[in-house]
Amino acid sequence: MKTLYEQNQSDVNEAKSGGRGALISTIKLRHCCLLRNRRCAAAYLYDRLLRIRALRWECGSVLPNALRFHMSAEEMEWFNHYKKSLATYMRSLGGDEGLDITQDMKPPKSLYIEVRCLKDYGEFEVDDGTSVLLKKNSQHFLPRWKCEQLIRQGVLEHVLS
Amino acid sequence: MFVSDFRKEFYEVVQSQRVLLFVAWDVDALCACKILQALFQCDHVQYTLIPVSGWQELETAFLEHKEQFRYFILINCGANVDLLDILQPDEDAIFFVCDTHRPVNVVNVYNDTQIKLLIKQDDDLEVPAYDDIFRDEQEDEAHSGNESDNGSEPSEKRTRLEEEIVEQTMKRRQRREWEARRRDILFDYEQYEYHGTSSAMVMFDLAWMMSKDLNDMLWWAIVGLTDQWVQDKITQMKYVTDIGVLQRHASRHNHRNEDEENALSVDCTRISFEYDLRLALYQHWSLHDSLCNTCYTAARFKLWSVHGQKRLQEFLADMGLPLKQVKQKFQSMDISLKENLREMIEESANKFGMKDMRVQTFSIHFGFKHKFLASDVVFATMSLMESPEKDGSGTDNFIQALDSLSRSNLDKLYHGLELAKKQLRATQQTIASCLCTNLVISQGPFLYCSLMEGTPDVVLFSKPASLSLLSRHLLKSFVCSTKNRRCKLLPLVMAAPLSMEQGTVTMVGIPPETDGSDRKNFFGRAFEKAAEGTNSRTLHNHFDLSVIELKAEDRSKFLDALVSLLS
């Protein structure tokens, strides 16, 4: 884009100073290209922002390092802003404690669900302080809210029977 | 110790806790596990389920999880060995063991605090009395302490000494006699392995006591019992008794079918008692295939010989069933032929010497076209569980098999049925080749057969349940085919290659095939002794002690030791 812009600029100067009116159409063409490229770039950046916003709903408030590596500093800043505004909104709902609306994306059917472990994950803490060892192909019956995060990450799989 | 009130001493104890379930790899354990899972899900008991295929897996899984749980439930594993010795648990760990393996180890029976056995005591257990086996060690030490006191006067001392010496020798002799008696009692008790009531039935009983039993749970109990019958683990009489028990439950849950006015819609689940044919998978296969691949008919007709094939044709002609009809899928057979099929087959079978063609069993109907006999489900689940896996750990198969027992996973069940057909065909072909090439040789006190590496489908027989089924069928066919009267009463030891890289074979020993056999198997102890005697590299990993893994090089010396042990 820069090359196009510089060429355009030199032509404009020439036209203004030297009076060569034939250059106007080239200038116009380059200007249209510049505008189009700018629109494409803006659409791409906007799409990235939408995906980053979806990441907050998918992965929670801490992003894995692999994803963070691919985001620019400004995008990180935007993400933090979004996180903050979402948190303020959530706190304002539901009384004193606020309501975590990122859980229960689908209406829940029961308090506890049966899950199956798809890969070796390691120890996982349960509410009463004890932990469960998640090994491949072991099945567990755990409270739903603890498992949702892991189900979204693909470590656990909800077993319907 | 034995738990007398399952509800109070077992269920209510674990209801508010998190438990760890260890489940062994057989269909009965899977069914018991499904029933227990259903109960736990109803009451929101948090549990973790770990499949274990042998003692080593049980130990490793226990070590990994023992910090996190206090209550452990073992299904179809752990009753026949000293659990505390093997697992070395903490003081406050409590084990609930629901196992069909007998004899129950005496330490498990008499431990009051940590081991609770979920086993009905009216199963003929014959546990030796406490005093015959355990003796208070402190009694002896107190007596020997008294003996070291000295008297005051020399003459008194001498008579005192003499008396003491006499006392000591008497005590030592008594102790030796007691120990000899103890060894005899324990040897008699632990000599034979057999199986008790199905764990699935025990769990169903628990559910019934709590009034939480459902038709689905009843079906799982039926499948568990049928698995024991298919694998010849229980006697015919016990099977019939248990079927009677389940029949009462079935009529209680499914009585609405008889009532004409309030009958359930056709596609609702219902379980019905059937006096149906003994042919494996016949409703999902063609009648001809089923007749050829069921052990009972194949052995009686001697289908490995040309003469046998002719007899089969005679049999079909006798009933008036055209070959074309019989060879197509059962569901597409003419309705007029299917109507009286069972009675026709029973009559003709009687003429050909097969008196027990029909057997008491149950079937389940749900949806408009899904109908399964209990034995169909048993074969399907067994094949799913023991299918040779291409990659991934063995527990994938376990999970598949567990899923196939739910009614919503019918595609897995049908897949299992296809695998079962393959397995049955392979079994019959292997038997035919073994008998035609005289691979079954008599070693003296037992028969021996070994499958070579290059035999087709040999990879299907490396797992214990498939190999046991193959050996039982082989023995039955051999008994029908041989003229040697002595050989008919011999037990069979069978070996199949397990892993090429490690050079191991799986070896299985099954008791002799007699009409009134009580299915007691002495090969567990025999294998142990033979292995010790010859220092063979064996792995007694399976919960059934009569199945071992052995290095191929040690095979001949192991067999020699076994021959000398048993003759």
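Within an unreviewed UniProt entry, the label attached to chain B reads Cell division control protein 45 homolog, and the organism entered is Ceratotherium simum simum. If you open the UniProt record of chain B and go to Sequence similarities (unreviewed entry), you find "Belongs to the CDC45 family." Quoted verbatim from the Subcellular location (unreviewed entry) heading of the UniProt record, the comment on chain B is "Nucleus".

The name recorded for chain A in an unreviewed UniProt entry is DNA replication complex GINS protein PSF1, from Ceratotherium simum simum. UniProt, in the comment section headed Sequence similarities (unreviewed entry), describes chain A in these words: "Belongs to the GINS1/PSF1 family." Among the UniProt annotations of chain A, the heading Subcellular location (unreviewed entry) holds the following wording: "Nucleus".

K.L.:
How should I be thinking about the side chain of Gln 283 of chain B in this particular structure?
P.N.:
Residues and elements named next belong to chain B. For Gln 283, the location among the structural elements is in the loop between β8 (270–277) and α12 (287–293). Since its relative accessible area comes to 11%, Gln 283 is described here as buried. For Gln 283, the side chain forms a polar contact with the side chain of Tyr 282, separated by 3.4 Å. Gln 283 has contacts with Asp 276, Phe 330, Gln 331, Lys 371 and Leu 373, leaving out every residue within four places of it along the chain.

K.L.:
Would you mind going over the confidence of the model for chain B with me for this structure?
P.N.:
The predicted structure's coordinates, where accompanied by low pLDDT, should not be read in detail. Residues and elements named next belong to chain B. Summing up the model confidence of chain B, the mean pLDDT is 85 and the portion of residues at 70 or higher is 93%. Overall, residues 141–152 carries pLDDT values under 50, and its contacts beyond four positions in sequence, including any with other chains, amount to seven contacts. As scored by the predictor, the complex reaches a pTM of 0.85 and an ipTM of 0.74.

K.L.:
So what exactly am I meant to see when it comes to a negative patch on the surface here?
P.N.:
A surface patch of negative charge is lined by Glu 123 and Glu 125 of chain A together with Glu 67, Asp 90, Glu 91 and Asp 92 of chain B. Relative to the elements of secondary structure, Asp 92 of chain B occurs in the loop between α4 (83–87) and β4 (94–98). Here Asp 92 of chain B falls in the partly exposed class, since its relative accessible area comes to 41%.

K.L.:
Before we go on, may I ask you to explain the confidence of the model for chain A in this structure?
P.N.:
When pLDDT is averaged across chain A, the result is 81; 96% of the residues are at 70 or more. When mean pLDDT is taken per element in chain A, strand β1 (residues 112–117) of chain A scores highest with 88 and helix α1 (residues 2–18) of chain A scores lowest with 76.

K.L.:
Help me understand the nonpolar core in this model?
P.N.:
What tends to happen in soluble globular proteins is that the nonpolar side chains get buried as a cluster. Residues Phe 22 and Trp 219 of chain B are the most contacted members of the largest nonpolar core, which totals 118 residues. Not counting residues up to four positions away in its chain, the partners in contact with Phe 22 of chain B are Ile 50, Val 52, Leu 58, Ala 61, Phe 62, Phe 72, Ile 73, Leu 74, Ile 75 and Cys 77 of chain B.

K.L.:
How should I be thinking about unusual backbone geometry in this particular structure?
P.N.:
Trans peptide bonds make up the majority, and among non-glycine residues the majority have a negative phi. All names here are of chain B. Cis geometry marks the peptide bond from Arg 102 to Pro 103; its omega dihedral reads 0 degrees. Among the structural elements, Pro 103 can be located in the loop between β5 (101–102) and α5 (106–110). Although it is not a glycine, Asn 535 sits at a positive phi angle of roughly 55 degrees. In this fold, Asn 535 is placed in the loop between α22 (523–534) and β15 (538–539). Classification of Asn 535 as exposed rests on a relative accessible area of 65%.

K.L.:
What is the right way to read the sheet that holds strand β12 (residues 447–450) of chain B from this model?
P.N.:
Remark on secondary structure: sheet strands pair via backbone hydrogen bonds, oriented parallel or antiparallel. Residue and element names in this part refer to chain B. Pairing is mixed in the open sheet, where six strands are placed in the order β11-β12-β13-β14-β16-β15. The two strands at the open ends of the sheet, each matched to only one other strand, are β11 (441–442) and β15. Here four bridges tie β12 to strand β13 (residues 492–499), and the two strands are oriented parallel to one another. From the neighbouring strand, Cys 449 faces β13, where its bridge partner is Met 494. Where helix α23 (residues 555–566) meets the sheet, it contacts β12, β13, β14 (504–510), β15 and β16 (547–551), and its direction lies at approximately 135 degrees from that of β16.

K.L.:
How should I be thinking about the packing of aromatic side chains in this particular structure?
P.N.:
Think of a pair of aromatic rings as described by two things: how far the centres are apart, and how the planes are tilted against each other in angle. Residues and elements named next belong to chain B. Enumeration according to the criterion identifies 28 aromatic pairs over all chains in this entry. Taken together, a centroid distance of 4.9 Å and an interplanar angle of 55 degrees make the contact between Phe 10 and Phe 96 tilted. With Phe 10 in helix α1 (residues 6–14) and Phe 96 in strand β4, this residue pair connects regions lying 86 residues apart in the sequence. Both residues of the pair, Phe 10 and Phe 96, belong to the buried class. Here Tyr 71 and Phe 96 contribute two aromatic rings whose centre-to-centre distance is 6.4 Å and whose plane-to-plane angle is 15 degrees, an arrangement assigned as stacked. One end of the pair, Tyr 71, is in strand β3 (residues 71–75); the other, Phe 96, is in strand β4, and 25 residues separate them in sequence.

K.L.:
How should I be thinking about the environment of Leu 405 of chain B in this particular structure?
P.N.:
Residues and elements named next belong to chain B. Its place among the elements puts Leu 405 in the loop between α19 (395–404) and α20 (410–436). Separated by 182 residues in sequence, Leu 405 and Val 223 place their C-alpha atoms 9.4 Å apart. Once residues within four sequence positions are removed from consideration, Leu 405 is found in contact with Leu 30, Cys 31, Lys 34, Trp 220, Val 377 and Thr 381.

K.L.:
So what exactly am I meant to see when it comes to the packing of helix α18 (residues 374–386) of chain B against helix α21 (residues 464–481) of chain B here?
P.N.:
Packed helices, taken two at a time, are described by the angle between their axes plus the distance between the axes. Residue and element names in this part refer to chain B. Look at α18 against α21: their axes get within 9 Å of each other, and the N-to-C directions meet at 125 degrees. As summarised for this structure, α18 and α21 are arranged oblique, according to the angle between their axes. Note on element contacts: α21 touches α18 through Pro 464, Ala 465, Ser 466 and Leu 469, opposite Phe 379, Met 382 and Glu 386. Partitioned by chemical class, the residues of the contact of α18 with α21 number five nonpolar, one polar and one charged.

K.L.:
Would you explain the interface of chain A and chain B in this entry?
P.N.:
One frequently used descriptor of interface size is the decrease in accessible area upon assembly of the parts. Chain A puts 22 residues into the contact, and the matching count from chain B is 23 residues. Interface area, chain A with chain B, both sides summed: about 1,900 Å², of which 45% is carbon and sulfur. Ranking the residues of chain A by area buried against chain B places Asn 137, Gln 139 and Phe 141 of chain A at the top, with a combined share of 33%. The tally of links between chain A and chain B comes to three salt bridges. Of the charged contacts in the structure, one is a salt bridge between Asp 396 of chain B and Lys 136 of chain A, with a shortest N-O distance of 3.8 Å. Applying the counting rule to chain A against chain B returns twelve residue pairs in polar contact (both at pLDDT 80 or more). Of all the secondary-structure elements, those providing two or more residues to the side of chain A that touches chain B are β1, β3 (131–134) and β4 (139–143) of chain A. A class-by-class count of the residues in the side of chain A that touches chain B yields nine nonpolar, seven polar and six charged. With two bridges connecting them, β4 of chain A and strand β2 (residues 47–51) of chain B associate as antiparallel partners. In the strand pairing of β2 of chain B, Gln 139 of chain A is matched with Leu 49 of chain B.

K.L.:
I would appreciate a short explanation of the side chain of Asp 227 of chain B in the present structure.
P.N.:
Residues and elements named next belong to chain B. By the element assignment, Asp 227 lies in helix α10 (residues 215–230). For the buried residue Asp 227, which engages in no salt bridge, the nearest side chain bearing the opposite charge is Lys 233, 4.6 Å off. The residues touching Asp 227, leaving out its near neighbours within four places in the chain, are Asp 26, Val 27, Asp 28, Val 378 and Met 382.

Each value, and the rule that gives it
Residues numbered from 1 in each chain as written. Chains lettered and ligands numbered in written order. Predicted model: local features only at pLDDT ≥ 70, side-chain atom pairs only at ≥ 80, totals over all residues. Heavy atoms only, no water. UniProt positions renumbered as here; feature names shortened; annotations may be inferred. Helix = DSSP H or I, 4+ residues; strand = E, 2+ residues; numbered from the N terminus. Buried < 20%, exposed > 50% of the residue type's maximum accessible area, 1.4 Å probe, protein only. Polar contact = N/O pair within 3.5 Å; in protein donor to acceptor, adjacent residues only side chain to side chain. Contact = heavy atoms within 4.5 Å. pLDDT = per-residue confidence, 0-100. Patch = residues over 30% accessible without salt bridge, like charges linked within 9 Å, V, L, I, M, F, W, Y side chains within 5 Å. Areas by Shrake-Rupley, 256 points an atom, 1.4 Å probe, with all protein chains shown as cover. Salt bridge = Lys/Arg side-chain N within 4 Å of Asp/Glu carboxyl O. Lys, Arg positive; Asp, Glu negative; His and termini not counted. Charge placed at Lys NZ, Arg CZ, Asp CG, Glu CD. Core = buried A, V, L, I, M, F, W, Y, C linked by side-chain atoms within 4.5 Å. Pairing = 2+ DSSP bridges. Axes fitted to C-alpha atoms, helices over the stretch in contact; angles between N-to-C directions. Phe/Tyr/Trp six-rings, centres within 6.5 Å; stacked < 30°, edge-to-face > 60°. Parallel < 35°, antiparallel > 145°, perpendicular 65-115°, else oblique. Nonpolar A, V, L, I, M, F, W, Y, C, P; charged D, E, K, R; others polar. Buried area = accessible area lost by both parts, 1.4 Å probe.

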